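Descriptive analysis of the structure
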Amino acid sequence: MVASSLISLISKKIIKPSIPTPLRIHKLSFVDQVFHYYIPVSFFYPKNGNDKSYEPTHVSQLLEKSLSKTLSFYYPYAGRLKDSSTVDCNDAGVELSHVRVHCPMSEIFNHPYTNAEHVVFPVAQPHGHDEGNLAITQVSHFDCGGIAVGGCLSHKIGDGCTASSFFYNWGVLSRDISANLSRPHFVEDSIYPQSSDPSIVSKSIKSEEPVGYLGKRFVFPAAKVNALKAIFSMDSGVCNPTRTEVVTALLYKCAVAARRVNFGSFRPSSLFQVADMRQRLNPSLSHDASGNIISGFLVPITNEREMNCPRLVSEMRKEKEKLVDKDNIKKNAFISKVLDSLEKGKNNEFDDYFCSSVIALPLYKTDFGWGRPAKVSMATGPISKLFFLMDNQSGGGVEALVMLDKQDMSIFEKDPELLEFAIPAPNL
């Protein structure tokens, strides 16, 4: 599917905050400094009968006004990078494009790989970071009358929780421009102090161009997730494993098995799991706390005997319980581990796999006035060997976006153990 041939531009505007920004300088934390890519999220709303609220002129007026007010709360996104440690909150604004997508929404839904969904993002490489813009948004009008609202939000300003809150509250203000919102509190560098060492900051975690790997979506229904929990809990010693733990374990095992087939022998590997720290800090933070408030843990696999799901669940739980370590937080230990792993991976010493989960976030509750989305999309990327997990539309299950090398994906997507529990898109 050639995305550029499907899209024509209707309009493009710069939307500025509805009131002047209260603080001119936003200080970046160390985590903010090393992340150098966008978080691309899009929400699909099929047209409901003859509802006139989908009419393009109405939609543009509604979303432009509500985005302006949203930016008065999330003002760093409307600013510009001043240098490697600060954002100038100058109210420069956020680009909002309206485009026509010359196909029905179902054609995007029914495509086997997620690169087809890139038509709803405002840049060709949705994870690739534009130095000039900390947020870019797009409204896509399909031939069938359906609408997708999406955008690319800089990871330098916030993590998945921050991005989710941005879109959720944009939806709230679209439904009621006078709604009372809890003002987000940007933690800046209060948790992870910024670094002034240019040799460290230069080791950015950047998006790769998705050449040689694919993204594919798999849905684990609630009943199948519960079955995995029951199976893995018996041998793992973890009484109540989470959805993230059991699904990640199965995905990792199947991905390593596919890699073994293509490489010809077992390769040592590691799984790095990203974790939200808001409720793990003491004192804990609310979801209104905005920024990159994340950490993570590493599970290494050195031989094939260690590669079984109950053991993986057990190791993930053990490492997760070690997360609240004030010394590690202050030393930014988890980011150093990620940077070291990526560097070793480039040298072909072993395989790195990463998992990020936003299962607890209200992505499927984001309502701009057309009800809940039929689908929430994350773009392929920013790197290969990545599992991205979110809640499914009906709740209780898991949607997994899996990014693997093309050869590995060809084996992975046929794995009988995986297919016992997961349904690959578009076979839903």
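Refer to the preceding data block for the structure.
Heads up: these notes are all about the structure in this document. (Residues numbered from 1 in each chain as written. Predicted model: local features only at pLDDT ≥ 70, side-chain atom pairs only at ≥ 80, totals over all residues. Heavy atoms only, no water.)

Concerning the layout of surface pockets
Any empty space left between the atoms is revealed when a probe the size of a water molecule rolls over them. The computed volume of the largest pocket comes to approximately 1,100 Å³. Taken together, 50 residues form the lining of the largest pocket, with Val274, Ala275, Ser356, Ser357 and Val358 sitting closest to its centre. By residue number, the principal contributor to the lining of the largest pocket is strand β13 (residues 269-276), which donates five residues. Split by residue class, the lining of the largest pocket holds 31 nonpolar, 12 polar and seven charged. Formed jointly, the lining of the largest pocket draws a minimum of three residues from each of two domains, domain 1 (3-202) and domain 2 (211-360 + 375-425). (1 Å grid on protein atoms, 1.4 Å probe; cavity = no way out; pocket = protein on both sides within 12 Å on 5 of 7 lines; lining within 4 Å. Points joined across faces, edges and corners; volume = space filled by probe spheres on them. Helix = DSSP H or I, 4+ residues; strand = E, 2+ residues; numbered from the N terminus. Nonpolar A, V, L, I, M, F, W, Y, C, P; charged D, E, K, R; others polar. Domains from an automatic or database assignment.)

Some details on the environment of glycine 93
With respect to the element layout, glycine 93 can be found in the loop between β6 (86-88) and β7 (94-101). You can call glycine 93 buried: its relative accessible area is 1%. When the C-alpha atoms of glycine 93 and arginine 80 are compared, they prove to be 8.9 Å apart, with 13 residues separating the residues in sequence. Once you skip the residues sitting within four places of it in the chain, glycine 93 turns out to touch Ile14, Ile15, Lys16, Tyr77, Ala78 and Arg80. (Buried < 20%, exposed > 50% of the residue type's maximum accessible area, 1.4 Å probe, protein only. Contact = heavy atoms within 4.5 Å.)

Remarks on the side chain of serine 233
If you trace the backbone, serine 233 turns up in helix α6 (residues 222-236). A polar atom in the side chain of serine 233 sits 3.2 Å from the backbone oxygen of alanine 230. If sequence neighbours within four positions are ignored, serine 233 has contacts with Val238, Cys239 and Pro241. (Polar contact = N/O pair within 3.5 Å; in protein donor to acceptor, adjacent residues only side chain to side chain.)

A closer look at the nonpolar core
Core analysis: the biggest nonpolar cluster contains 57 residues, and Phe220, Val247, Leu251, Tyr252, Phe387, Val402 and Phe412 have the highest contact counts within it. Considering each element in turn, this core owes the most residues, 10 residues, to helix α7 (residues 243-263). Residue contributions to this core reach at least three from each of two domains, namely domain 1 (3-202) and domain 2 (211-360 + 375-425). In this view, leucine 251 contacts Phe220, Phe387, Leu389, Ala400, Val402, Phe412 and Leu418; residues no more than four positions away in its chain are not counted. Within the second largest apolar cluster, 54 residues are counted, among which are Cys89, Leu153, Leu181 and Tyr364. (Core = buried A, V, L, I, M, F, W, Y, C linked by side-chain atoms within 4.5 Å.)

Concerning unusual backbone geometry
Following asparagine 282, the chain continues to proline 283 via a peptide bond in cis, the omega torsion being 0 degrees. Position of proline 283 relative to the elements: it lies in the loop between β13 and β14 (289-290). The residue after glycine 381, namely proline 382, is reached through a cis peptide bond having omega 5 degrees. With respect to the helices, strands and loops of the structure, proline 382 is situated in the loop between β17 (375-378) and β18 (386-391).

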